[in-house]
Amino acid sequence: MRWTLIVAVVAANLAFIGLSAAFGYPGVLAEPPGRILAAFAAHQGAVSAWFLVLAVSALALVPGAVLLGRLLPPGPAASLSAPVGVLAGLVQVLGLLRWPYAVPALVHAPDPRAAETTFAALHGYLGTGVGETLGYLLTAAWTVLVLAALPRPPRWFATLGIGSALAVAAGVLAPLAVPGADLANFAGYVAWSAWVVALAALRDRLLPPAAAVSR
């Protein structure tokens, strides 16, 4: 569980940096579909590769959530944490995989207008709807459930977790053009990454000794 979560977080942040450099991500998503497709085509190989890394890092949350759920003390929050964490990883993977598998076909489509329309539909449904909205809410819910299941987490750890969960969830307000929602979401994911690394590094201190030793 420990290294699964750490590697996932490190890979996700490296992918984000790579996408920012090669694709202007995530700011480029505010551009019209035609400009997004053009930016993608300019560095298609690198952008597709980084999105695959990002998808794999999101998928790593699935085994990480399952393994952590087995370590947490029995209770309603622990029982819910595993399926919620699995769903959080899967919806993000579904949203991210459109980039390496669907978008390349649209870039080279013979009808640019039809390609832009299709991209807008995929972006709205798989991107904003599934990958982002559901991903934000489920990631925040998983974080809160893990904190609720831990016996007595340190105050700083609980504060970091709750704060980052709320900031990540604020991302659902971004499509409504709520001022500061994008920035709060970005800061939330940075803080959430630190929280996940702390969770993995402090596993033996956060969990009951019997559970930590047995696994």
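In case you missed it, the structure is sitting above this.
Note that the structure is a prediction, hence the values are computed from the model and not measured.

(A) View of the packing of helix α5 (residues 76-96) against helix α8 (residues 112-149). Between α5 and α8, the shortest axis-to-axis distance is 8 Å and the interhelical angle comes to 155°. Classed by the angle they form, the pair α5 and α8 counts as roughly antiparallel. The crossing of α5 and α8 is left-handed. Residues belonging to the contact of α5 with α8 are distributed by class as follows: 18 nonpolar, 7 polar and no charged.

(B) Summary view of the nonpolar core. Within the largest apolar cluster, 33 residues are counted, with the highest numbers of intra-cluster contacts made by L72, W142, V146, L150, F157, W195 and L199. For this core, the elements supplying multiple residues, two or more each, are α1 (2-23), α4 (61-71), α5, α8, α9 (155-169) and α10 (181-201). Examining the composition of this core, we find that 8 residues originate from one element, α8, more than from any other. If near-sequence neighbours (up to four positions away) are discounted, F157 is found in contact with L147, L150, W195, A198, L199 and L206.

(C) Broad picture of unusual backbone geometry. Y25 connects to P26 through a cis peptide bond whose omega is 5°. With respect to the helices, strands and loops of the structure, P26 is situated in the loop between α1 and α2 (33-42). Phi is positive for A177, close to 60°, though the residue is something other than glycine. Along the chain, the position of A177 falls in the loop between α9 and α10.

(D) Broad picture of the environment of G85. Tracing the backbone shows G85 in helix α5. As for G85 and V146, which are separated by 61 residues in sequence, their C-alpha atoms are 9.5 Å apart. Those residues in contact with G85 that lie beyond four places of it in its chain are L61, A65 and W142.

(E) Region of the structure containing the pattern of salt bridges. Tallied over the full model, the rule gives 2 salt bridges. E31 is paired through a salt bridge with R35; the nearest N and O atoms lie 3.3 Å apart. Where R203 meets D204, a salt bridge forms, and the shortest distance between an N and an O atom there is 3.2 Å. Classification of D204 as partly exposed rests on a relative accessible area of 42%.

(F) Inspection of the environment of L106 at higher detail. With respect to the helices and strands, the residue L106 is situated in helix α7 (residues 103-107). Given the relative accessible area of 12%, L106 is considered buried. Along the primary structure L106 and V196 are separated by 90 residues, whereas in three dimensions their C-alpha atoms are 36 Å apart. Sequence-distant contacts of L106, defined by excluding residues within four places in its chain, comprise L37, A115, T118, F119 and L122.

(G) Examining a nonpolar patch on the surface more closely. A surface patch of nonpolar side chains, about 290 Å² in accessible area, is lined by V10, L14 and I17. Within the fold, L14 resides in helix α1. What makes L14 partly exposed here is its relative accessible area of 49%.

(H) Representation of the packing of aromatic side chains within the structure. Scanning all chains against the criterion turns up 15 aromatic pairs. Consider the rings of F23 and F40, whose centres lie 6.2 Å apart with planes at 80°: the pair is edge-to-face. Here F40 lies in helix α2 and F23 lies in helix α1, a separation of 17 residues in the sequence. Take F23 and F40: they sit in the same class, and that class is buried.

Calculation notes
- Residues numbered from 1 in each chain as written.
- Predicted model: local features only at pLDDT ≥ 70, side-chain atom pairs only at ≥ 80, totals over all residues.
- Heavy atoms only, no water.
- Axes fitted to C-alpha atoms, helices over the stretch in contact; angles between N-to-C directions.
- Helix = DSSP H or I, 4+ residues; strand = E, 2+ residues; numbered from the N terminus.
- Parallel < 35°, antiparallel > 145°, perpendicular 65-115°, else oblique.
- Left-handed = near helix turned anticlockwise from the far one by under 90°.
- Nonpolar A, V, L, I, M, F, W, Y, C, P; charged D, E, K, R; others polar.
- Core = buried A, V, L, I, M, F, W, Y, C linked by side-chain atoms within 4.5 Å.
- Buried < 20%, exposed > 50% of the residue type's maximum accessible area, 1.4 Å probe, protein only.
- Contact = heavy atoms within 4.5 Å.
- Salt bridge = Lys/Arg side-chain N within 4 Å of Asp/Glu carboxyl O.
- Patch = residues over 30% accessible without salt bridge, like charges linked within 9 Å, V, L, I, M, F, W, Y side chains within 5 Å.
- Areas by Shrake-Rupley, 256 points an atom, 1.4 Å probe, with all protein chains shown as cover.
- Phe/Tyr/Trp six-rings, centres within 6.5 Å; stacked < 30°, edge-to-face > 60°.

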